[in-house]
Amino acid sequence: MENYSKYPKGSEWRKWDLHIHTPVSIKQNYGGPDKWDKFIDALEHLPKEIKVIGINDYYFIDGYEKVMEYKREGRLDNIDKIFPVLEFRIDTFGSGNENKLQKINLHIIFDIDESKIEDEVRKIKKEFIEQIPITKLEKHKTKCLSKENLIIEGGNDLHKGFSDLIPPTEKVFELVNNTIWKDKVFLLLGYKEWSNLEKNNQLKPLKEDLYEKVSAFFTSNSQTLEKSKKWLDEYGDKALLHSCDIHGFDILDTAEKNKDGEYLDSKAYHCHTWIKADPTFEGLKQIAYEPTERVVIQETKPDEKKLYDVIDKVQFEDTDSFMPTEIQINNNLTTIIGGKSTGKSILIRNIAKSIDKVEFNNRNKAVNITENKPLRGFKVFWNDGQISELNNQNNPDKRVIYIPQSYLNRIVESDETNTAVDEIIKDVLLQDEDYSNWNDKLGEDLKQNNQSIRSGVSKLFELFEQFKNLTKEIKEVGDGEGIAKQISKLKKEVKELQEKSDIEEEELARFDELSERIRKSRLYIEQLESDIKVIEQIKEEAVEINTSSHELIQLSKTRLEINQLVEKKEKEYSKDWKESVGKKISSLKEKLSTERKKLETDKSDIDSLSAKVKDRKALAQKTNELDEERKREDLIKKLNKEREEIAENIKSITGKLAEFVSHFYSIMIKAKDHVDLESFDEELQFDILTVFSKSAFQSRFVEQFFDGRKLRGEEWDFLTQFEFKSKEEYRGFVKKIINQTISGKLPIRGNIEKQEVLDSFLRNWFSHDYQVVYQGDELEDMSPGKKSFVLLRLLIDLDHSKCPILIDQPEDDLDNRSIYTQVVNFLREKKKERQIIIVTHNPNLVLGADAELIIVANQEGNDTQNRKYHFEYVSGSIEFTKKQNDDIDEVLYKRGVQEHICEILEGGEEAFNKRKNKYSFSK
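Just so we're clear, the structure is a prediction, and the values are computed from it rather than from any experiment.

### Structural notes on the overall build of the protein
Here's step 1: When helices and strands are tallied, the protein shows 29 helices and 22 strands.
Here's step 2: Burial statistics for the protein: of 923 residues in total, 50% are counted as buried.
Here's step 3: If you take every contact in the protein between residues at least 6 apart in sequence, the share linking residues at least 24 apart comes to 77%.
Here's step 4: Accessible area of the protein: about 46100 Å², with a carbon and sulfur share of 44%.

In structure tokens, the structure reads:
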């Protein structure tokens with residue numbers, strides 16, 4: 001980009017002091033024989049931020065000539081631009097003496113070509129100064145018009161009669177508006193404290209006769225800046241500049257040195273007028289077009305951003321097609337313009353891709369954008385000295401917000417239930433600390449709930465398998481009802497045989513009692529032995545504390561202490577557990593021992609009676625048969641009881657699973673409790689709805705697992721027509737699906753297992769529907785252009801980070817009205833906080849948003865010749881203008897940025913005129 005613009009980074013903030021009087025001013029108090037050398041030395045040691053000064057002598061520009069002589073000798077290299085300024089006292093202006101303006105000065109700044117300075121100065125003297133008849137000037141004429149006398153004597157005689165030297169103001173305005181000077185001068189009104197005019201009845205002439213004739217205002221009272229600005233704002237929107245109004249070394253003492261020989265900053269000098277523009281006359285004119293954007297009075301540099309958040313410059317390394325020269329990027333708003341296929345999007349895409357590949361890929365993936373012909377190399381240089389390189393895995397940890405071409409439109413037109421829109425809104429909400437903390441916990445809550453469900457499903461099918469096995473075992477043992485009838489029959493037969501035997505009734509009753517006791521005792525012993533085995537296994541189970549959340553502890557020392565405490569407590573708990581369970585086992589063993597002794601006693605007792613019974617063979621046989629049947633009956637009762645317990649457990653777990661699944665709703669709905677939905681933006685209102693994802697439920701569960709052709713209408717309707725109304729109703733819905741799946745009432749497709757069906761079903765079918773309302777409209781009811789603008793705001797305006805923003809042709813997504821009335825103002829505000837880079841064809845986004853830098857792109861063609869490379873770029877500010885030079889072959893270098901804007905951007909010239917006339921200045 002060499003040999004194009006002197007200021008390739010565009011408009012930047014510099015301090016301008018346009019009110020410095022020299023030792024030859026009519027009103028000055030420099031004094032001393034070496035005053036000029038001392039004066040120049042002082043200018044050379046102004047604060048380093050001062051880059052533009054105005055040599056501001058009354059009525060004449062002899063002081064400017066002298067300063068420029070020093071400049072041509074190699075002095076004042078610290079100053080980028082020096083303007084000649086004439087200052088005149090305003091005469092009685094308006095109708096009647098009561099409207100006389102006192103001590104208000106008119107400052108006239110001239111556009112001057114320093115390469116032709118002698119001719120330019122001569123022209124100002126002859127065609128401007130000498131055309132103004134100044135009251136009572138004739139008696140001072142010999143001194144006033146003698147450059148030598150002015151320099152030697154300092155115009156002291158003139159100073160005494162200064163108040164009489166008042167030119168006719170109307171004549172001055174007549175001059176500045178004639179053909180010769182119309183575009184070569186810039187007018188300011190100077191007064192110490194503008195709000196004081198209210199006291200002197202001087203408002204009417206200022207408002208009616210002067211305000212619209214000048215482009216800006218001066219004040220020298222730093223204590224009343226805000227008061228004066230507020231007062232002037234009541235009349236319109238024009239810039240207020242500040243200067244110390246230097247007339248001597250009492251203020252201009254910046255050449256003073258300390259004991260170490262270092263220059264000291266002046267304690268009295270305090271000009272804090274920052275102007276964002278090239279240090280040129282065209283740059284100065286910007287404060288007329290953009291008074292609020294281009295002028296700030298404060299001590300520190302405006303719009304300062306953190307070094308690590310600002311791109312300094314970029315560079316192509318794919319030199320087969322792209323120029324390798326560094327391309328500067330402005331700290332505020334950089335716009336990239338050019339004809340079709342000139343490399344605009346290539347530039348912004350590779351900036352994004354080099355810095356933040358995840359963001360680049362995610363944005364493109366969201367709208368199905370694929371990249372063609374990736375570059376071999378590209379570099380991004382940051383203000384903090386770090387470099388991001390294309391395809392470098394070790395890049396610094398930087399991020400950007402990247403919005404590809406037509407991204408917003410594609411997002412808002414998507415038919416998907418959960419689109420990138422929801423993610424955008426969610427990202428905005430996540431910037432709220434309370435919501436972010438809750439969202440982190442949400443993940444843990446959902447995870448734990450899922451773990452409970454998985455454990456429950458596993459246990460459910462384990463019990464279901466046990467239920468099936470018990471049912472099978474019961475069938476193998478026999479029919480309970482049939483066995484009961486058989487026992488009744490055998491009892492009758494035994495009784496009949498007993499009646500025929502010689503056994504006594506009491507002995508027979510005793511025999512029956514012992515038989516029953518022995519049967520129950522054997523069953524009890526069996527249960528005790530089984531329980532002791534199980535509990536002995538439980539005793540060996542480890543006691544563990546869940547440490548999954550310990551990694552969230554940030555201090556490593558604290559985390560170590562907690563882990564050590566856990567280890568200690570686990571040992572203590574394990575020891576206590578084994579001791580407690582051991583006591584329980586001992587207790588059960590004692591019961592087992594007691595029961596076994598009772599059994600042995602009963603068996604001994606029954607043996608003595610059995611001898612009598614066995615004497616009769618038939619009775620003995622029937623008694624044995626009865627005993628066997630009773631054993632079978634007892635076994636069936638035991639198995640039935642176990643099966644009933646399992647059935648109850650299945651029912652219980654089914655209920656718990658339904659509760660777990662419905663609990664997803666309870667977890668999700670708490671989102672509203674953890675974010676202040678009214679705190680984000682004055683114009684955007686948010687809401688979070690927890691909704692049942694019906695379409696996902698149908699496509700990912702119902703249609704995937706069940707065959708609608710085999711389902712009866714009622715069952716199919718039950719599955720497909722479910723509408724979530726309440727958590728309680730949903731719980732019942734879940735229980736029914738579980739039961740019908742396990743029981744086989746719902747025909748499952750192919751060879752899919754029931755557990756696979758439930759694993760898929762018992763999950764979180766709820767999602768957050770992020771609602772946003774702007775200007776009374778919900779997002780889904782907005783026009784595409786308005787919807788896109790809202791998304792743009794969500795992506796940028798509410799993003800709390802200060803990383804760069806890259807947007808490729810936002811006008812493709814937004815209507816012209818939105819651009820002019822909303823986006824432009826939006827960009828004007830955001831660029832003060834963070835760096836923005838935009839590719840655009842819309843002049844309003846360049847001029848309306850007052851872009852600080854314009855990069856012009858070009859691709860080599862028959863009528864669009866470049867210097868060397870297929871793709872080339874130049875850059876400069878809006879104020880950089882250069883008439884067409886047809887002697888230059890390369891299209892980028894033929895003209896200035898202003899001219900490129902008018903040629904490339906449709907409506908560019910109209911936008912320039914609209915910008916110039918925005919405040920209706922008289923030009």
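### Details of the environment of glutamate 625
Here's step 1: Structurally, glutamate 625 can be placed in helix α20 (residues 617–669).
Here's step 2: Glutamate 625 sits in the partly exposed class, given a relative accessible area of 30%.
Here's step 3: In this structure, the C-alpha to C-alpha distance between glutamate 625 and isoleucine 487, residues 138 residues apart in sequence, is 8.7 Å.

### Comments concerning the packing of helix α23 (residues 727–743) against helix α24 (residues 754–761)
Here's step 1: Relative orientation of the contacting elements α23 and α24 amounts to 165 degrees, with a least axis distance of 9 Å. Classified by the angle between their axes, α23 and α24 sit roughly antiparallel to one another. Both α23 and α24 take part in a crossing whose hand is right-handed. Contact residues: Phe733, Val734, Ile737, Ile738, Thr741, Ile742 and Ser743 in α23; Lys754, Val757, Leu758 and Phe761 in α24.

### A few points about the confidence of the model for the protein
Here's step 1: Mean pLDDT for the protein: 84, with 89% of residues reaching 70 or above.
Here's step 2: Predicted confidence is poor over residues 94–99, with pLDDT under 50, and the contacts of this stretch with residues over four places away or in other chains come to eight contacts.
Here's step 3: Within the model, the stretch residues 138–161 combines pLDDT values under 50 with 35 contacts to residues more than four positions away or in other chains.

### Description of empty space enclosed by the protein
In this approach a probe as big as a water molecule rolls over the atoms, and the regions it shows empty are the leftover space.
Here's step 1: If you walk through the whole model with that rule in mind, you get three cavities of 30 Å³ or more.
Here's step 2: Volume-wise, the largest cavity comes out at about 120 Å³.
Here's step 3: Lining the largest cavity are 13 residues, and of these Glu12, Trp13, Lys301, Asn330 and Asn331 sit closest to its centre.
Here's step 4: Considering only residue class, the lining of the largest cavity consists of two nonpolar, four polar and seven charged.
Here's step 5: The space that makes up the second largest cavity amounts to roughly 40 Å³.

### Quick notes on the nonpolar core
Here's step 1: One finds Phe701, Tyr730, Phe761 and Leu762 to be the most contacted residues of the largest nonpolar core, which totals 117 residues.
Here's step 2: Considering every element that reaches this core, the biggest residue donor is α20, with 14 residues.
Here's step 3: Those residues within four positions of leucine 762 in sequence are excluded, and the remaining contacts are Ile453, Val457, Leu657, Val661, Val734 and Ile738.
Here's step 4: Among the nonpolar cores identified, the runner-up in size contains 65 residues, and Leu46, Ile55, Leu76 and Leu197 belong to it.

### A look at the environment of tyrosine 308
Here's step 1: Along the chain, tyrosine 308 turns up in the loop between β9 (295–297) and β10 (311–316).
Here's step 2: Counting along the chain gives 495 residues from tyrosine 308 to cysteine 803, while the straight-line C-alpha distance between them is 8.5 Å.

Conventions used here
- Residues numbered from 1 in each chain as written.
- Predicted model: local features only at pLDDT ≥ 70, side-chain atom pairs only at ≥ 80, totals over all residues.
- Heavy atoms only, no water.
- Helix = DSSP H or I, 4+ residues; strand = E, 2+ residues; numbered from the N terminus.
- Buried < 20%, exposed > 50% of the residue type's maximum accessible area, 1.4 Å probe, protein only.
- Contact = heavy atoms within 4.5 Å.
- Areas by Shrake-Rupley, 256 points an atom, 1.4 Å probe, with all protein chains shown as cover.
- Axes fitted to C-alpha atoms, helices over the stretch in contact; angles between N-to-C directions.
- Parallel < 35°, antiparallel > 145°, perpendicular 65-115°, else oblique.
- Left-handed = near helix turned anticlockwise from the far one by under 90°.
- pLDDT = per-residue confidence, 0-100.
- 1 Å grid on protein atoms, 1.4 Å probe; cavity = no way out; pocket = protein on both sides within 12 Å on 5 of 7 lines; lining within 4 Å.
- Points joined across faces, edges and corners; volume = space filled by probe spheres on them.
- Nonpolar A, V, L, I, M, F, W, Y, C, P; charged D, E, K, R; others polar.
- Core = buried A, V, L, I, M, F, W, Y, C linked by side-chain atoms within 4.5 Å.

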